[in-house]
There are 2 protein chains.
Amino acid sequence: MAKPRIVIVGGGFGGIKLAKLFAKENVEVTLIDRHNFHLFQPLLYQVSTSILAEDEIAYPIRAFFRDHKNVDFFMAKAEGVDQARNVVLTNHGEIPYDYLILAAGATTNYFGMKTVAEYSYGMKTIQEAIKIRNHVLHMFERAAKDETPIEEKKRMLTFIVVGGGPTGIEEAGAISELIGLQKKEFHHLDFSLVSLKLIEATPHVLPMMPQDLQDKTVEILRKKGVEVMLNTQVVDLDADNLKLKDGTVIPTKTVIWAAGVKAVSFVAKCGAEVDRAGRVIVQENLMVKDAVNKNFFAIGDCANFCHGTERPLPTVAPVATQQAVTCHKNIMKLIKGDQKLDAFHYKDLGAMATIGRGDAVMNNPKMSGFLAWCAWMFVHLIRLAGAHTNLTVALKWSWNLFSGIRLGRIITSIKVDE
Amino acid sequence: MAKPRIVIVGGGFGGIKLAKLFAKENVEVTLIDRHNFHLFQPLLYQVSTSILAEDEIAYPIRAFFRDHKNVDFFMAKAEGVDQARNVVLTNHGEIPYDYLILAAGATTNYFGMKTVAEYSYGMKTIQEAIKIRNHVLHMFERAAKDETPIEEKKRMLTFIVVGGGPTGIEEAGAISELIGLQKKEFHHLDFSLVSLKLIEATPHVLPMMPQDLQDKTVEILRKKGVEVMLNTQVVDLDADNLKLKDGTVIPTKTVIWAAGVKAVSFVAKCGAEVDRAGRVIVQENLMVKDAVNKNFFAIGDCANFCHGTERPLPTVAPVATQQAVTCHKNIMKLIKGDQKLDAFHYKDLGAMATIGRGDAVMNNPKMSGFLAWCAWMFVHLIRLAGAHTNLTVALKWSWNLFSGIRLGRIITSIKVDE
């Protein structure tokens, strides 16, 4: 009898965990991703702010499965699922499956604002992070030139991060420190022209944190020179100006959009019900609701799981990796003919966010300051090390902590018109 | 009295060395480069073959001069020199000078073959190295797909390096090891389809080495699976085929061109005499021949210096850095009113080239094998460390030596039609 063929769409935290679990079973696994690497997304902001190089948070997917010949990687863009025929449609042909798991992740949500999607900088892919790095560094170089008029200098040196979640907080903190570093090296630039704003639509940053840590976070950011604008809504953007709901126009060439995520568009083309954020609705056992055949599952950021919870589970790595464990168990049950599947239960391990060098907040246990930062660093290092075996990150962080230096400040491409 | 204004065009080995020397003098320095980083070019092949990340061999120019407020960096593309008016013309306006030094470096020489320039991959900039990395890795991913016809697979897996100098040798050696690594991770790809060729127009590789080391180099390359084709001339190239002078057509999508260099085109727009390779002719004291005012010098790859030597000095870093010392001394003499300038004398410290992990050749002292490789590694590490203070490279190299792992194998962009 042929081995069951497991197809996984997506090489993020959930997809890699699943493939590692199935690698040890008597099955054939095909992992599909449009990139040939697994991205350690929580550290993407460090690439965008010149702290780490891209190869330190991106790991070749095939390297995970060097010793597992039953796992095959297929580099392609998934375009849909034909449930009736049990095939995934990709830009490089059809991939047949016996069992399918969507772990396709999330993309930036611009909430329908086309101009924002066009002119702002997203924070979800390595390419986007490199674009931010190149652009921000280049703005300093442009502004440093005498030929640039003063109001243009100010526009070039106004950096705006939208979104008060962990990504926005971490990005704003890291940019504020980058500015401090640039100050030492741009001997003739007037740094009173530089400003950094964090815009959040709700009254709070870090919604998963208790009020006092939220306040603490805002306080730390303000001390770092970040202008925190709460209750502030973006309505429009072009190449030169950001427009707020109250009519305010902020001249800027840099809006980094970290205000929300939604499932990638392909998820809606799988013949299953999706929610407003494009996530496929899953049952308690992680099987896709109303799956045509009982062989179609979804986990992580692209799945809407809200059994026993008021809202769908958050789009964070621990949800995806925990769901991978349950999903693997359930599919192995089906393969063995056992129809009684396990329900998924999420164990919330708490949340943490760093606000720059030596400062962080966390809610489990509740902590802030240098100790929380050490905890943050430790947790990220062991997770990264488990996945990437990369000592250079520890080295760069220690270095950065003591010296503030960032070796990654190189501009590898700029727009032709600049 | 205003301080003398020294303008340096180019942030390579020569330009940085010069700026460091002038930083300690009572002068104003402006360093012009189109990139904001100094590139450690001898290790470019390691970025193109996924061993190092780009920020490990590229260092932000401004970081060199953090403590020297008299050195200013100006990111721009130099476009010419108006000697009569003592100004450098750039895409961001004119830069006036009292003393000017061209240290503009070299670019790839395609010897007038337009199709080769269009379809081959150059090896002079960090962007080109990243392009090679992305393309080579992507060829493996494409060839691994069942949908790809067998003759296309073979074409995608035929890698050709043109040029038997150090760059070509090092690139071919590093690709051969990359192929070995890929072999462990592409479980279903037929590696008998993979081939790697090194093409050299003359009868010898490494012209600066004695015959026995040349032979040794060819022997090592052949052992590594590189087909070394000497006395072989390229005449044409398109997206699918390479054409040789003898009429042979080699189906390939990857031709890496390391066959020659010439000065960047801007050098010819400085109103001075240039040689066939576009290099400006300099006097023994490094002043540009027939300079309109006695304040215009040139060093390094963009200068033709052949006093007391049969041919112009080679385009290598030690020539540029040694010339920087003499050039600095001569300009300081002129500033102090001393018209008796020093003649430049090149001290040849020997050449070395690595042919992959644990193997290298060098001519001073004459050596090959593992010891030569250790010497190569040592020399490059201390030079890189002196410039870049980057321990991560030592770490990655040790790792690579023992495990062969290359964490950099990530594809960050591919052509849309692929």
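Residues numbered from 1 in each chain as written. Chains lettered and ligands numbered in written order. Predicted model: local features only at pLDDT ≥ 70, side-chain atom pairs only at ≥ 80, totals over all residues.

1. Quick look at the sheet that holds strand 20 (residues 296-298) of chain B
Residues and elements named next belong to chain B.
Okay, so step 1: Read from one edge of the open sheet, five strands run 5-2-1-9-20, paired in parallel fashion. A single partner strand is all that each edge strand has here, and the edge strands are strand 5 (71-75) and strand 20. Put simply, the sheet's adjacent strands are angled 20° from each other on average, direction ignored.
Okay, so step 2: Across five bridges, the pairing between strand 1 (residues 5-9) and strand 2 (residues 28-33) is parallel. Paired with valine 7 across the bridge in strand 2 is threonine 30.
Okay, so step 3: Taken strand by strand, helix 1 (residues 13-23) contacts strand 1, strand 2, strand 5 and strand 9 (99-102), and its axis lies near 165° from that of strand 2. (Pairing = 2+ DSSP bridges. Helix = DSSP H or I, 4+ residues; strand = E, 2+ residues; numbered from the N terminus. Axes fitted to C-alpha atoms, helices over the stretch in contact; angles between N-to-C directions. Contact = placed C-beta atoms within 7 Å.)

2. Some details on the environment of B:Glu152
Residue and element names in this part refer to chain B.
Okay, so step 1: Residue position: glutamate 152 is located in helix 6 (residues 150-156).
Okay, so step 2: Looking at glutamate 152, the number of C-beta atoms within 10 Å reads 16, which means it is partly exposed.
Okay, so step 3: Between the C-alpha atom of glutamate 152 and that of proline 251, which follows or precedes it by 99 residues, the distance is 8.7 Å. (Buried ≥ 20, exposed ≤ 12 C-beta atoms within 10 Å, placed from the backbone.)

3. As for helix 8 (residues 211-223) of chain B
Residue and element names in this part refer to chain B.
Okay, so step 1: In this model, helix 8 (13 residues) spans 18 Å end to end at C-alpha, consistent with the 18 Å of a helix rising 1.5 Å per residue.
Okay, so step 2: Among all positions in helix 8, only Leu213, Lys216, Thr217, Val218, Ile220 and Leu221 are buried.
Okay, so step 3: Of the surrounding secondary structure, the elements contacted by the buried residues of helix 8 are helix 7 (166-183), strand 12 (195-199), strand 13 (226-229), strand 23 (360-363) and strand 24 (366-369).
Okay, so step 4: Note on helix 8: the residue one or two positions beyond its end, glycine 225, has a positive phi of about 90°. (Expected span 1.5 Å × (residues − 1).)

4. Examining the domain arrangement of chain A
Okay, so step 1: The domains assigned to chain A are domain 1 (5-34 + 76-108 + 261-335) and domain 2 (129-257 + 352-403).
Okay, so step 2: Centre-to-centre separation of domain 1 of chain A and domain 2 of chain A, based on C-alpha positions: 33 Å. (Domains from an automatic or database assignment.)

5. Some points on helix 8 (residues 211-223) of chain A
Residue and element names in this part refer to chain A.
Okay, so step 1: Burial in helix 8 covers these residues: Leu213, Thr217, Val218, Ile220 and Leu221. The buried side chains of helix 8 occupy one side of the element, clustering within an arc of 160° when seen end-on. Along helix 8, exposed side chains directed more than 90 degrees from the buried face belong to Gln211, Asp212, Arg222 and Lys223.
Okay, so step 2: On the buried face of helix 8, the contacting elements are helix 7 (166-185), strand 12 (195-199), strand 13 (226-229), strand 23 (360-363) and strand 24 (366-369). (Arc of directions from axis to C-beta.)

6. Some details on the pairing of strand 17 (residues 254-257) of chain B
Residues and elements named next belong to chain B.
Okay, so step 1: In strand 17, alternate side chains face the same way, and those of Thr254 and Ile256 on one face and Val255 and Trp257 on the other are all buried.
Okay, so step 2: Inspection of the sheet shows strand 11 (residues 158-162) paired to strand 17 by four bridges, in the parallel sense. Residue pairing across strands places valine 161 opposite isoleucine 256, the latter belonging to strand 17.

7. Structural notes on the packing of helix 1 of chain B against helix 9 (residues 317-335) of chain B
Residue and element names in this part refer to chain B.
Okay, so step 1: Axis separation between helix 1 and helix 9 bottoms out at 8 Å; the angle between their running directions is 30°. Between helix 1 and helix 9, the crossing angle belongs to the class labelled roughly parallel. In the packing of helix 1 onto helix 9, the handedness of the crossing is right-handed. Judged by residue contacts, Phe13, Gly14, Lys17, Leu18, Leu21 and Phe22 of helix 1 engage Ala317, Ala320, Thr321, Gln323, Ala324, Cys327 and His328 from helix 9. (Parallel < 35°, antiparallel > 145°, perpendicular 65-115°, else oblique. Left-handed = near helix turned anticlockwise from the far one by under 90°.)

8. A short note on unusual backbone geometry
The phi angle of most residues is negative, glycine excepted, and most peptide bonds adopt the trans form.
Residues and elements named next belong to chain A.
Okay, so step 1: Omega for the peptide link from asparagine 364 to proline 365 comes to -5°, which places this bond in the cis form.
Okay, so step 2: Tracing the chain through its elements places proline 365 in the loop between strand 23 and strand 24.
Okay, so step 3: Positive phi, normally seen in glycine, also occurs at asparagine 86, with a value near 55°.
Okay, so step 4: Of the residues examined, asparagine 86 has 20 C-beta atoms within 10 Å and is grouped as buried.

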